[in-house]
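# Coordinate inspection notes
Spelled out, the chains give:
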Amino acid sequence: MDTGLKKKVVLITGAAKGIGRLTALAFAREGADLGLIDIDESNLSTLASEASELGVRAEYAVADLSTDDGVSGGVEKILQAYAGRIDVLVNNVGAGKIRTFDQLSDTEWDLTLQLNFMSYVRACRNVLPVMRSQGRGVIINNASDLARQPEPVPIDYSASKAAVLALTKGLARSEAANNIRINAVAPGPIWTPFWTEKGGFADTMAAFHKMPPKEAVEHELSLRQLPLKRLGTPEEVANVIVFLSSDLASYVTSSVWGVDGGSIRSLI
């Protein structure tokens, strides 16, 4: 099937690793040109080269997406590279650690919200005027199954992702008249550097459960009673993001697509 993404300009935040990286490559295979933003210059450069080998253009900006200046400067650099055009925005950047409510200071709450939520607000603020002037556009926000079904930890991460869903729903309603579709994906546990890197979910979960990282992850999955009984892959999330961004999903807006192994039990 033709996705209609060939030569579209796709901007992805948090693109250097994990879901962002595999999403970028999935769009490249559909012929889309890429704008990649992350703080990790080394992995961004490598990703841009990989995408170029697939026959598409790939521009990137190194930026701290937890700040207003970082988001604005990164988006502006991509806009300049593509003569003021962005067809798809994928808000993907995010971070989290396993900490109890009592362990979280105001500073830690603020850091989580600045990166996981306010970066999405700021990216939308910078990109929506462009899409309105074009008369079209798509925004995909990466949320989490924890936004809809929070666990005791990480409560700050869950709250930030619930805010992402509220942003998605509200903007989808306000921007439909401008022919801009806005949806969210809500991944469950996905085996990416978000989990595996030093100090990531697996390490902090190990400390929380007082188990080695692998055992702690397996224990957490058993607590969540995932029907598919495994972590997902970033490719599986990327496939849904590409579909929602494509012409194949032209009548889909204000939706939340779970890519979660069946973790969500509610009907809505």
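Each remark here, short or long, concerns the structure printed above.
So, here is what we can say about the structure in this document.

Cut-offs applied
Residues numbered from 1 in each chain as written. Predicted model: local features only at pLDDT ≥ 70, side-chain atom pairs only at ≥ 80, totals over all residues. Heavy atoms only, no water. 1 Å grid on protein atoms, 1.4 Å probe; cavity = no way out; pocket = protein on both sides within 12 Å on 5 of 7 lines; lining within 4 Å. Points joined across faces, edges and corners; volume = space filled by probe spheres on them. Helix = DSSP H or I, 4+ residues; strand = E, 2+ residues; numbered from the N terminus. Nonpolar A, V, L, I, M, F, W, Y, C, P; charged D, E, K, R; others polar. Salt bridge = Lys/Arg side-chain N within 4 Å of Asp/Glu carboxyl O. Buried < 20%, exposed > 50% of the residue type's maximum accessible area, 1.4 Å probe, protein only. Axes fitted to C-alpha atoms, helices over the stretch in contact; angles between N-to-C directions. Parallel < 35°, antiparallel > 145°, perpendicular 65-115°, else oblique. Left-handed = near helix turned anticlockwise from the far one by under 90°. Contact = heavy atoms within 4.5 Å. Expected span 1.5 Å × (residues − 1). Arc of directions from axis to C-beta. Pairing = 2+ DSSP bridges. Right-handed = clockwise from strand over helix to strand, strands pointing away. Polar contact = N/O pair within 3.5 Å; in protein donor to acceptor, adjacent residues only side chain to side chain.

### Considering the layout of surface pockets
Taken as a whole, the largest pocket holds about 1,100 Å³ of empty space. Gly94, Ala95, Gly96, Leu115 and Phe194 are the residues nearest the centre of the largest pocket, which is lined by 45 residues in total. Looking at the lining of the largest pocket, the elements that each hand over two or more residues are helix H1 (18-29), helix H4 (106-134), helix H5 (155-175) and helix H6 (193-196). Looking at which element gives the most residues to the lining of the largest pocket, the answer is H4, with five residues. Of the residues assigned to the lining of the largest pocket, the class counts are 19 nonpolar, 15 polar and eleven charged. Looking at the second largest pocket, its volume works out to about 190 Å³. In this structure, the second largest pocket is lined by 13 residues; those nearest its centre are Lys8, Gly137, Val138, Arg181 and Asp247. Residue composition of the lining of the second largest pocket, by class: three nonpolar, five polar and five charged.

### Some words on the pattern of salt bridges
One pass over the full model with this rule turns up eight salt bridges. The salt bridge involving glutamate 175 is made with arginine 132; its shortest N-O contact spans 2.7 Å. Separated by 43 residues along the polypeptide, glutamate 175 in helix H5 and arginine 132 in helix H4 bring together distant segments of the chain. Take glutamate 175: its relative accessible area is 4%, and that puts it in the buried class. Among the residues examined, arginine 132 registers a relative accessible area of 40% and is labelled partly exposed. Through salt bridges with shared partners, one network takes in Arg85, Asp87 and Arg136.

### Quick word on the packing of H1 against helix H2 (residues 41-53)
Orientation of H1 relative to H2, taken along the N-to-C sense of each, is 20°, at an axis distance of 9 Å. The angle between the axes of H1 and H2 places the two elements in the roughly parallel class. Here H1 and H2 pass one another in a crossing that is right-handed. Contact residues: H1 offers Arg21, Ala24, Leu25 and Ala28, while H2 offers Leu47, Glu50 and Ala51. Among the residues making up the contact of H1 with H2, the classes are represented as five nonpolar, no polar and two charged.

### Regarding helix H3 (residues 68-81)
Taking 1.5 Å of rise per residue, 14 residues should cover 20 Å, and H3 covers 20 Å from first to last C-alpha, within 8% of that figure. For H3, every residue scored as buried is listed here: Gly70, Val71, Gly74, Val75, Ile78 and Leu79. Take H3 and look down its axis: the buried residues cluster within an arc of 160°, on one side only. Exposed side chains of H3 directed beyond 90 degrees from the buried face belong to Asp69 and Gln80. Residues of H3 that are buried make contact with strand E1 (9-13), strand E2 (33-38), strand E3 (58-62) and H4. Backbone geometry just downstream of H3 places alanine 83 in the positive-phi region, at approximately 55°.

### Quick notes on the pairing of strand E5 (residues 137-142)
With six of six residues buried, E5 is to be regarded as a mostly interior element. Every second residue of E5 is oriented toward a common face, with Gly137, Ile139 and Asn141 on one face and Val138, Ile140 and Asn142 on the other, all of them buried. Bridge analysis of strand E4 (residues 88-91) against E5 gives four bridges, and the strand direction is parallel. Paired with valine 90 across the strands is isoleucine 140, a residue of E5. Once you follow E4 into H4 and on to E5, the crossover reads as right-handed.

### Some points on the side chain of threonine 13
Relative to the helices and strands, threonine 13 resides in strand E1. A distance of 2.9 Å separates the side chain of threonine 13 from the backbone nitrogen of asparagine 92, its partner in a polar contact. In contact with threonine 13, other than residues within four places in its own chain, are Ile37, Leu65, Val90, Asn91, Asn92 and Val93.

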